Amino acid sequence: AAKEKGRNQFHIFDPGLDAHRRQRRNQLMEISRALENEEFELYFQPQLRLDDSEVIGFEALIRWNHPDKGLLGPGEFLPAVANSHLEIPLGQWVLKEAIHQMNLWHEADESLAVSINISAPHLMDRSFADYLESYLHSHPDVRPGQITLEVLESTALEDTKRASNVLARCQSLGLQVALDDFGTGFSSLTYLRTLPVDVIKIDQSFVRNMLTDASDRAIVESVIFLAQRFDHPVLAEGVETMEHARALRDMGCNLIQGYGIARPMQAKALLPWLAQWRDQVSRHHSLGKHEQTS
Ligand code: C2E
Ligand code: MG
Ligand code: MG
Ligand code: MG
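Calculation rules
Residues numbered from 1 in each chain as written. Chains lettered and ligands numbered in written order. Predicted model: local features only at pLDDT ≥ 70, side-chain atom pairs only at ≥ 80, totals over all residues. Heavy atoms only, no water. Helix = DSSP H or I, 4+ residues; strand = E, 2+ residues; numbered from the N terminus. Buried < 20%, exposed > 50% of the residue type's maximum accessible area, 1.4 Å probe, protein only. Polar contact = N/O pair within 3.5 Å; in protein donor to acceptor, adjacent residues only side chain to side chain. Contact = heavy atoms within 4.5 Å. Donors = N, O, S within 2.8 Å, 3.2 Å for Na, K, Ca; no water. Near = heavy atom within 4 Å. Areas by Shrake-Rupley, 256 points an atom, 1.4 Å probe, with all protein chains shown as cover. Nonpolar A, V, L, I, M, F, W, Y, C, P; charged D, E, K, R; others polar. Core = buried A, V, L, I, M, F, W, Y, C linked by side-chain atoms within 4.5 Å.

Per an unreviewed UniProt entry, the protein carries the name Bifunctional diguanylate cyclase/phosphodiesterase and comes from Marinobacter shengliensis.

Structure follows, in C-alpha cells:
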C-alpha cells in the first residue's frame, strides 16, 4: 500500500517523470523489435601499430539502421539500454556478431584481432565467463588470443574485486583485456593497480588537443610513461591527423586508432580497405628504401 501511495504521489507531483518513463519504455520496445529484425550492425575501425603501420585489428562499434531515422550511433540508443533488461541480450548479440565477423576475416588473415566493448553489467553478469568458455569450446575455429574485451574504466567497476576475477578468468581463456577511456574516471590509478589488463587506451579527449594544449600533452605523456612502467601496450584513441600519429610515436605510444587512419566502416569494406592500406604502406616503405640505396 505504501508503494501504491508512493506511485500516486509521483502522479501528483511529477507528471513529467511518468512521461519520461513511458518514453523510455517505448524506446526499449523499439530496440527489442530492432534486435529481432536485425537492424543493428557492427562497424569496424582499424587499430594500427605505430612501429610499422601494420593493422593489428579492428574495434567493433555498434550502429542502428533505423527504418525511419537512418543510421544511429550508440550515443542515441545505448543510454536507454543501460541498466535495462535489454543490456545483456544486446551485449550478447555484439559479442557473437563481432566474433563471427572476425572469423570471416580470418579466412584472409589470421593475425587480425577484434576489440569488443563490454558494458559493466554484461561483464558482471554471473554467466559472462561461463558463456565465453562454452562458446569457445563449441567454436574451436575461433582464436581467443585475437579477441580483446574493452572495459570502461569509469563504469567497470564498482565491485572491483569481482571485476578482477571475471577479467582474470577471461584472460585464462586466452582473451586480452583493454582498459577503455583511460584517465576519464575517478580512480584510474586504482584500476591500473588492481585490474588485470593488457592494453591501456588513452581517451580521445586528451589526444585531440595534445598538439596545442600543454596539459593535455602532459597527460598523454604521463599515461604512456605509466603504461610502459606497468609493461602494458598503450593505444591512443581519436588520432585525427598524421601529425598526432607522429607525435605519439615519438612519445613511445604503441598503437593508434582514429579518423586519421580510417573511420569506422561496414564489415564488407574491411578487407578491401586493408588491402589498399597495406599496398600504400609497402609502396611507401619500398620507396623509402629505394631513396636510401640510390
Ligand atoms: P569507445 O569505445 O571509446 O569508441 C571510440 C569512439 O570514438 C567511437 O564512437 C568512434 O567512432 C569514435 N572515434 C574514433 N576515432 C575518432 C576520431 O579520430 N575522432 C573522433 N571525434 N571520434 C573518433 P562511437 O562509435 O559513436 O561509440 C561511442 C561509444 O559507445 C564507444 O566509445 C563505446 O563506449 C560505446 N559503444 C560503441 N559500440 C558499443 C558496443 O557494441 N557495446 C557497448 N557496450 N558499447 C559500445
Ligand atoms: Mg572502445
Ligand atoms: Mg574509448
Ligand atoms: Mg568512449
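Caption draft 1: Highlighting the side chain of E59. Residue position: E59 is located in strand β2 (residues 55-66). What makes E59 buried here is its relative accessible area of 3%. At 3.0 Å, the side chain of E59 forms a polar contact with the side chain of K201. When neighbours within four sequence positions are excluded, E59 is seen to be in contact with Y43, F44, Q45, Q47, S115, N117, E150, D180, K201 and Q257.

Caption draft 2: Spotlight on the coordination of the magnesium ion (ligand 3). Within the protein, the magnesium ion (ligand 3) binds to D180 (OD), D181 (OD), E237 (OE) and E237 (OE); these donor distances fall in the range 2.0 to 2.3 Å. Written as a sequence motif, the donor residues of the magnesium ion (ligand 3) are D-D-x55-E. The distance between the magnesium ion (ligand 3) and the magnesium ion (ligand 2) comes to 4.1 Å, with D180 serving as a donor to both metals. Taken together, the residues span a long stretch of sequence, with D180 in strand β6 (residues 176-182) and E237 in the loop between β8 (234-236) and α11 (242-251) at a distance of 57 residues. Classification of D180 by relative accessible area gives buried; the value is 5%. A relative accessible area of 8% places E237 in the buried class.

Caption draft 3: Structural detail: the site of ligand 1. For ligand 1, the set of nearby residues contains 21 residues, the closest of which are R63, D180, Q204, E240 and Y259. In this structure, Q45 approaches ligand 1 through a side-chain N or O atom, which is 3.0 Å from a nitrogen atom. Take D181: an N or O atom from its side chain is 3.1 Å from an oxygen atom of ligand 1. In isolation ligand 1 has 800 Å² of accessible area, and contact with the protein removes 80% of it. Secondary structure elements with two or more residues in the shell around ligand 1: β2 and β6. Looking at which element gives the most residues to the shell around ligand 1, the answer is β2, with four residues. In terms of residue class, the shell around ligand 1 is built from eight nonpolar, six polar and seven charged.

Caption draft 4: A look at unusual backbone geometry. Positive phi values are uncommon outside glycine, yet S53 reaches one of about 60°. Looking at the secondary structure, you find S53 in the loop between β1 (40-49) and β2. Its identity as a non-glycine residue notwithstanding, D231 has a phi of 65°, on the positive side. Mapped onto the elements, D231 comes out in the loop between α10 (214-229) and β8. Residue D231 is classed as exposed on the basis of its relative accessible area of 69%.

Caption draft 5: The nonpolar core, seen in detail. Within the largest apolar cluster, 77 residues are counted, with the highest numbers of intra-cluster contacts made by I147 and L248. Counting residues per element, this core draws most heavily on helix α4 (residues 87-106), at seven residues. Every residue in contact with L248, bar those within four places of it in the chain, is listed here: L50, V207, M210, V220, I224, A236, V239, C253 and I256.

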